[in-house]
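# Summary of the model geometry
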Amino acid sequence: MRRALVIGIDDYPNAPLRGCVNDASTIADVLATNGDGSPNFDVRLITSPSETIGRTTLRRAIEELFATKCDAALFYFSGHGLIKSTGGYMVTTDAQRYDEGVSMDDLLSLANASLAQDKIIILDCCHSGAAGTPTINENQMAQLKEGLSVLTASRDSESALEINGRGVFTSLVVDGLHGGAADLRGHVTPGSIYAYVDQALGAWDQRPIFKTNVTRFTSLRTIAPRVPLEKLRKLTEYFPTPTDEFKLDPTYEDTEKTAIPEHCAIFKDLQKFTSVGLVVPVGEEHMYYAAINSKSCRLTAPGYQYWRLVKEKRL
């Protein structure tokens, strides 16, 4: 069982926002199913306007999320964030001075104590990088217990930007979940989402923060793999050892008179591996010339990693 609590707040009496409810609704939709339509997270979506999300409501919902034993518990928040000397806060609709909302330290404590196997926190709010950062009243090191990952839109000193009624960070997260951050097997993980967002933002933009303590990354969503798994499993067939080179000749190129259909089918697989960085030609810039000039191809470092997965029957 995988559970997700998704919060979006636009309805702040003194400082209304425009894109947080849209962002939360979009995140909820994409997390609910995998790319093939199969069920993914059981999502609870709470937005304001629609419901009033005061401090008590938000705190209770977070406690309920992390109190249940499950495979994965994911928390997403989009709204105002605040930084004070006592730490960061997710601001609620009933915010008032000295009681602005739910503390990010409290959020982290609840996640650390959770019975869920994997815990994922995603925050799209100003100063969200304060989550997991020790406050001046605490120890110098904030601890994330094993199985917890935190992904935030910005550093604790930065704002989180909106453009055309959408959060810049969440828009990139959604693109990543739709496949932009997927690995060759079609898995999207918290780490790959961070890498995707980080690369998309410029050096002078808000900087996403990623903190984690895991021995393995959980898949947030799966999509159709860029290379079918039955094709990937042929890596060990074409390369019996990871240092082997696959010898080519003109019979592998279907435009040649000497082409052999069986060889051409293999060559198409090798070209697909080349297109995703698993295989490179040796002594030539393109696979076509490697075949025409009877050269060879070999595994790259990423190719070796997938070769190992196949060899160890983990793929």
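Everything below is about the structure printed above this text.
Now for the sheet that holds strand 5 (residues 87-96). Spatial strand order, 4-5-6: three strands in an open sheet with antiparallel pairing. A single partner strand is all that each edge strand has here, and the edge strands are strand 4 (81-84) and strand 6 (99-103). Direction aside, the axes of adjacent strands within the sheet are offset by 55° on average. Contacting strand 5 and strand 6, helix 2 (residues 55-67) crosses the sheet at an angle of about 5° to strand 6.

With that settled, the discussion passes to the packing of aromatic side chains. Two numbers describe a pair of aromatic rings. These are the distance of the centres and the angle of the planes. Taken as a whole and judged by the stated rule, the model has eight aromatic pairs. When the ring of Tyr238 is compared with that of Phe246, the centres are 5.9 Å apart and the planes differ by 75°; the resulting orientation is edge-to-face. Looking at Tyr238, the relative accessible area reads 6%, which means it is buried. Relative to Tyr252, the ring of Phe246 has its centre 5.7 Å away and its plane inclined at 85°; by these criteria the two rings are edge-to-face. No difference in accessibility class separates Phe246 from Tyr252, as the two residues are buried. Three or more aromatic residues link up through ring pairs in this structure, and these residues are Tyr238, Phe239, Phe246, Tyr252 and Phe273. A cation over an aromatic ring shows up here: Lys84 above the ring of Tyr89, its NZ or CZ 5.5 Å from the ring centre.

Take the packing of helix 1 (residues 20-32) against helix 4 (residues 168-180) next. Two elements in contact, helix 1 and helix 4, have axes whose closest approach is 10 Å; the angle formed by their N-to-C orientations is 15°. Classified by the angle between their axes, helix 1 and helix 4 sit roughly parallel to one another. Pair helix 1 / helix 4 crosses with left-handed handedness. Residues Asp23, Thr26, Ile27, Val30 and Leu31 of helix 1 pack against Thr170, Val173, Val174, Leu177 and His178 of helix 4. Of the residues in the contact of helix 1 with helix 4, the class split is six nonpolar, three polar and one charged.

So, how was this worked out
- Every residue gets a number counted from 1 within its own chain, in the order that chain's sequence is written.
- The predicted nature of this model means local features are confined to residues of pLDDT at least 70 and side-chain atom pairs, given and counted, to a pLDDT of 80 or more, with totals for whole chains, interfaces and linings taken over all residues.
- Heavy atoms from the whole structure form the basis of all side-chain values; hydrogens and water molecules are not counted.
- Here, any two strands with at least 2 DSSP bridges between them count as paired.
- Strands are runs of DSSP state E lasting at least two residues, helices are runs of H or I lasting at least four, and both sets are numbered from the N terminus onward.
- Note on definitions: angles span 0 to 180 degrees between N-to-C directions of axes, and those axes are lines fitted to C-alpha atoms, for helices only across the stretch in contact.
- By definition, residues are in contact when any of their heavy atoms lie within 4.5 Å.
- The criterion for an aromatic pair is that two Phe, Tyr or Trp rings (for Trp, the six-membered ring) have centres within 6.5 Å, with stacked assigned to planes under 30 degrees apart, edge-to-face to planes over 60 apart and tilted to the rest.
- When a residue's accessible area, from a 1.4 Å probe over protein chains only, is under 20% of the maximum for its type it is buried; when over 50% it is exposed; and in between it is partly exposed.
- Lysine and arginine charges are scored as sitting over a ring when NZ or CZ, respectively, is within 6 Å of the ring centre and within 35 degrees of the ring normal.
- Comment on the angle field: the value is read as roughly parallel under 35 degrees, roughly antiparallel over 145, roughly perpendicular from 65 to 115, and oblique elsewhere.
- It is the rotation of the near helix from the far one that decides the hand of a crossing: anticlockwise by less than a right angle makes it left-handed, clockwise makes it right-handed.
- Think of it as three bins: nonpolar holds Ala, Val, Leu, Ile, Met, Phe, Trp, Tyr, Cys and Pro, charged holds Asp, Glu, Lys and Arg, and polar takes everything else, Gly as well.

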